[in-house]
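Understanding the architecture of this molecule
This is what each chain is made of:
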Amino acid sequence: MTKDNLAFRQELVSLLPRLKRFAMALAGGRDAADDLLQSAVERALRKWDYFEEGKRLDSWMFKIMQNLWFDIRRAASAERWVSDDGVDIPGEDGRELVETREELRLAREAFAALPEEQRAVVALVVLEGFSYAAAADALEIPIGTVMSRLARARGAMAARARGTTVMPVRKEK
Amino acid sequence: MLNDELICAFMDGELDAEKRALVEHWLSTDKGAAARLERMRAADALIHRAIPRVTGGDDPLVAKIMDRPANVVPFVSPRWAIRAAALAAACVLGVLVGRMEAPWPTADDATRVSMAVSEDIARVLDTAPSGQPSHVLGGEVEVALSLRTDAGELCRQYRTTVGANAVDALACRRDGEWGMLVQAVATHADESVYVTAGSVSPIDAVISQLGAATALDAREEQALIDANWRRR
């Protein structure tokens, strides 16, 4: 193992929690997310020589994961994003727990209803705090596409939260 | 007019000072716009709730990343990646190219016997770096990776995609020609078929029969392409 390769692996390990979260955003179910992450890690280890020093490893990994996910989705012919309800919720009060679980279920259903392209953008900008430029670079799409997907996703999530359908306010021509 | 994209850009700190001041003015004078901003913020809270932060911990991937010797294959294929190939192994959709005396050819058979690939495929295997698709046979051929076995044999795993169908294959360089050892259907329309997590793809099975195989890095691969895959 070369010194550079060791550094690459160490940084990759440090990114695992974030990569797992991104995998959850893309794949939904815990098993599918684990599989996606494992494949992405394997690909990264095989291709690490292609990673340019000085670039962001997180962006590179998100790009790999998104490409892998699209490959999987194409191969699996539109298997639906499956929401995983197996999330541990702390708390002892029974009613509060039920309400929290219900809120969580609604939140995950709303997120699952988003197109996967929107989920990827949301995961990077809203969850990861990426700038629009960084998200555009990681997902290999124009910044304008990042903006429009983000606006549509937030609009849809807001509408689901209120139980209504909201037409987005678009740019004036 | 204050549109959703502008509101999002405001929320995300993507506006310059001038535009930010303009949006703040709009928000202070337009109750509808202010309400829209609040709904977008509520959406973000919902998103954070849907996909909570993942904490670190005892992740088995850590050991895999840190312990595995650099560039060594094969590795454990995830369930969805092996689904079609494992299905192929079970249903004879995949074909091990080898002796057919036995009713079920084994991976070991395939390591000894190979079948010549077409000229188009051979050209791709001769010249294309991994990850670079080539248009041939009315479809696309992409080499996934190049390998060198302990015995010094050079092999390439590649995928041929025509329309919605894809076939993975492994070819090795023997007597100056590419010989295909194994191929397996990579895509299957019937997703109702269940394949257990422990299944192994025919490709991986054959690679493992080749002994310890090392994936070549980009420089090594390019050097072999330049040398027309002659061993040094």
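Residues numbered from 1 in each chain as written. Chains lettered and ligands numbered in written order. Predicted model: local features only at pLDDT ≥ 70, side-chain atom pairs only at ≥ 80, totals over all residues. Heavy atoms only, no water.

What to know about the packing of helix α2 (residues 30–46) of chain A against helix α4 (residues 60–67) of chain B
With their axes 11 Å apart at the nearest point, α2 of chain A and α4 of chain B run at an angle of 10 degrees to one another. The orientation of α2 of chain A with respect to α4 of chain B, classified from their angle, is roughly parallel. α2 of chain A and α4 of chain B meet at a crossing whose hand is right-handed. Between α2 of chain A and α4 of chain B, the contacting residues are Leu37, Gln38, Val41 and Leu45 of chain A on the first element and Leu61, Lys64 and Ile65 of chain B on the second. Partitioning the contact of α2 of chain A with α4 of chain B into residue classes produces five nonpolar, one polar and one charged. (Axes fitted to C-alpha atoms, helices over the stretch in contact; angles between N-to-C directions. Helix = DSSP H or I, 4+ residues; strand = E, 2+ residues; numbered from the N terminus. Parallel < 35°, antiparallel > 145°, perpendicular 65-115°, else oblique. Left-handed = near helix turned anticlockwise from the far one by under 90°. Contact = heavy atoms within 4.5 Å. Nonpolar A, V, L, I, M, F, W, Y, C, P; charged D, E, K, R; others polar.)

A few points about the state of the cysteines
Residues and elements named next belong to chain B. Inspection of the entire model under this criterion finds one disulfide over all chains. Disulfide partner of Cys155: Cys172, at an S-S distance of 1.9 Å. Taking the sign of the S-S torsion, 100 degrees for the link of Cys155 and Cys172, the bridge is right-handed. One end of the pair, Cys155, is in strand β6 (residues 154–162); the other, Cys172, is in strand β7 (residues 165–174), with 17 residues separating them in the sequence. Neither Cys155 nor Cys172 differs from the other in exposure class; each is buried. (Disulfide = S-S within 2.5 Å. Buried < 20%, exposed > 50% of the residue type's maximum accessible area, 1.4 Å probe, protein only.)

A word on the pairing of strand β8 (residues 177–185) of chain B
Residues and elements named next belong to chain B. Of all nine residues in β8, seven are buried, a share of seventy percent or more. Direction of pairing for strand β3 (residues 115–116) relative to β8: antiparallel, over a ladder of two bridges. Paired with Met115 across the two strands is Met180, which belongs to β8. Examined bridge by bridge, β7 and β8 share eight bridges and lie antiparallel to one another. Of the residues in β8, the one forming a bridge with Val167 is Val185. (Pairing = 2+ DSSP bridges.)

Here we look at the confidence of the model for chain B
Residue and element names in this part refer to chain B. Of the residues in chain B, 68% have a pLDDT of 70 or more, and the chain-wide mean is 72. Throughout residues 70–110 the model reports pLDDT below 50, and contacts reaching past four residues in sequence, or to other chains, amount to 105 contacts. A low-confidence stretch, residues 187–200 (pLDDT under 50), is modelled with 27 contacts involving residues beyond four sequence positions or located in other chains. Scored by ipTM, the complex comes to 0.78, with pTM at 0.54. (pLDDT = per-residue confidence, 0-100.)

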